[in-house]
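Descriptive analysis of the structure
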Amino acid sequence: MDYLLQLAASPTAWVALATLIVMEIVLGIDNLIFISILTNKLPEQHRAKARRIGISMALVLRLGLLSTIAFIVQLTAPVFEVFGQAFSWKDMILIAGGLFLVWKATTEIHHSMDPEPEEKASVSNTVTIGFAAAIGQILMLDLVFSIDSIITAVGMTEHLPIMIIAVVTSVIVMLVAAEPLAKFINDNPTVVMLALGFLIMIGMTLIAEGFGAHVPKGYVYAAMAFSAVIECLNIARRNRHKRLLAARQ
């Protein structure tokens, strides 16, 4: 208790908490975009449930990883070398996660550009398989993003309570933002393609970092923000054009 009171009275701890919360929320954007795109492919009555399960598992994974900080720190230790390039477990997980993101986003873009004929299957069977597959893919990416998130937290502060508060806060923000973000993506088809492009960029960033090439996250998120602003302007222009056409008719 004395330890918590000392933290609460420390201005440095509050600054670290605020900074880490912002960092965790920003890192959670990648996770949230993937969950939103994936759950939007499910039948409408299953989407909210899948989002809640995916984000809740992200919280469980993050808190579980926080309880094994000593193990998480060891993930950054080199395991083997290839042509002088050392690889740790963290590097291999980032590379695997990045490859999965690139593959998944590329597959989704292909399906959007060249949709396959609807299969003649029972609705119940399709829903069950689709829901299980969606949850499985969400959990896989939750693990990758959780490890990245916790390693970032460990690198920014040594105080476990600060890490826990920051992680829980970021996941609560994800829960609150999940529904409106998924609805916005679903209502604006062009945003889906933009979000898939974001996933490819994020996947390539993860792969690059896995191979030891540090990519400043600020550049990545600045590019995403700029693209999002342009898309919002396009959406506003289309909506205004629709209103003008409706007024003339």
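None of these values were measured; they are calculated from a predicted model. (Residues numbered from 1 in each chain as written. Predicted model: local features only at pLDDT ≥ 70, side-chain atom pairs only at ≥ 80, totals over all residues. Heavy atoms only, no water.)

**What to know about the packing of aromatic side chains**
To be explicit about the condition: Within 6.5 Å between ring centres, the rings of Phe, Tyr and Trp (the latter by its six-membered ring) count as paired, and their orientation is classed by plane angle as stacked under 30 degrees, edge-to-face over 60, tilted in between. Helical segments are the DSSP runs of H or I of at least four residues, strand segments are the runs of E of at least two, and each set is numbered from the N terminus.
The tally for this structure, following the rule as stated, stands at four aromatic pairs. Taken together, a centroid distance of 5.5 Å and an interplanar angle of 85° make the contact between Phe87 and Phe211 edge-to-face. One end of the pair, Phe87, is in strand β2 (residues 85-88); the other, Phe211, is in the loop between α8 (189-210) and α9 (217-248), with 124 residues separating them in the sequence. Here a set of aromatic residues connected by ring pairs shows up, and it is made of Phe34, Phe100 and Trp103.

**What about the confidence of the model for the protein?**
Stated precisely, the cut-off is as follows: The quantity called pLDDT is the predictor's confidence in a given residue, expressed from 0 to 100. In this description, contact between two residues means that some pair of their heavy atoms is separated by no more than 4.5 Å.
Taken residue by residue, the protein gives an average pLDDT of 78. The fraction at 70 or more is 88%. Averaged over each element, pLDDT in the protein is lowest for helix α1 (residues 2-8) (67) and highest for β2 (85). When the criterion is pLDDT under 50, residues 119-129 qualifies, and its contacts beyond four places in sequence or with other chains add up to three contacts.

**Notes on the nonpolar core**
Note the cut-off: Residues grouped as a nonpolar core are buried Ala, Val, Leu, Ile, Met, Phe, Trp, Tyr and Cys residues, joined through side-chain atoms within 4.5 Å. For every residue, the accessible area obtained with a 1.4 Å probe (protein chains only) is divided by the maximum for its type, and the residue is called buried under 20%, exposed over 50%, and partly exposed between those limits.
Ranked by size, the top nonpolar core spans 36 residues in total, and within it Phe34, Leu101 and Leu199 carry the most contacts. At the level of elements, α2 (11-39), α3 (44-66), α5 (89-113), α6 (123-156), α7 (160-187), α8 and α9 are the ones that each hand at least two residues to this core. Not counting the four nearest positions on each side in its chain, Leu199 is found in contact with Asp30, Ile33, Phe34, Ile37, Leu101 and Ala105. Counting residues in hydrophobic clusters, the runner-up holds 16 residues, among them Ile147, Ile151, Ala166 and Val167.

**A few points about the pairing of strand β1 (residues 78-82)**
Which entries qualify depends on this criterion: We treat two strands as partners when DSSP finds at least two bridges between them.
Where β1 and β2 come together, four bridges link them in antiparallel fashion. Bridge assignment links Glu81 to a residue of β2, and that residue is Ala86. In this antiparallel pair of consecutive strands, β1 and β2, the connection spans two residues, and Phe83 shows a positive phi of 55°.

**Some details on the UniProt feature "transmembrane region" (unreviewed entry) in the protein**
What counts, and what does not: UniProt positions are given in the numbering used here, feature names are shortened, and annotations may be inferred rather than shown by experiment.
Residues annotated in UniProt with the feature "transmembrane region" (unreviewed entry) correspond here to residues 12-38, 59-80, 86-106, 127-147, 159-178, 190-212 and 218-236. Structurally, residues 159-178 is divided into 95% helix and 0% strand, and its ends, taken at the C-alpha atoms, are 29 Å apart. For residues 190-212, the end-to-end C-alpha separation is 34 Å, with 91% helix and 0% strand making up the annotated structure.

**With respect to α5**
Our working definition: In this analysis, the expected span of each helix is defined as 1.5 Å times one less than the number of residues it contains.
With 25 residues, α5 extends 36 Å between its outermost C-alpha atoms, agreeing within 8% with the 36 Å of an ideal straight helix rising 1.5 Å per residue. Turning to α5, its buried residues number three or more, namely Asp91, Leu94, Ile95, Gly97, Gly98, Phe100, Leu101, Val102, Lys104, Ala105 and Glu108.

**Comments concerning the pattern of salt bridges**
For clarity, the cut-off: Only one rule defines a salt bridge in this text: a Lys or Arg side-chain nitrogen within 4 Å of an Asp or Glu carboxyl oxygen.
As enumerated under the stated definition, the model contains two salt bridges in all. For Glu179, the salt bridge goes to Arg51, with nearest N and O atoms at 3.1 Å. Pair noted here: Glu179 is in helix α7 and Arg51 is in helix α3, with a separation of 128 residues, a long-range link. Looking at Glu179, the relative accessible area reads 43%, which means it is partly exposed. With a relative accessible area of 6%, Arg51 lands in the buried category. Residues Glu231 and Arg238 are paired through a salt bridge, measuring 3.6 Å at the closest nitrogen-oxygen approach.

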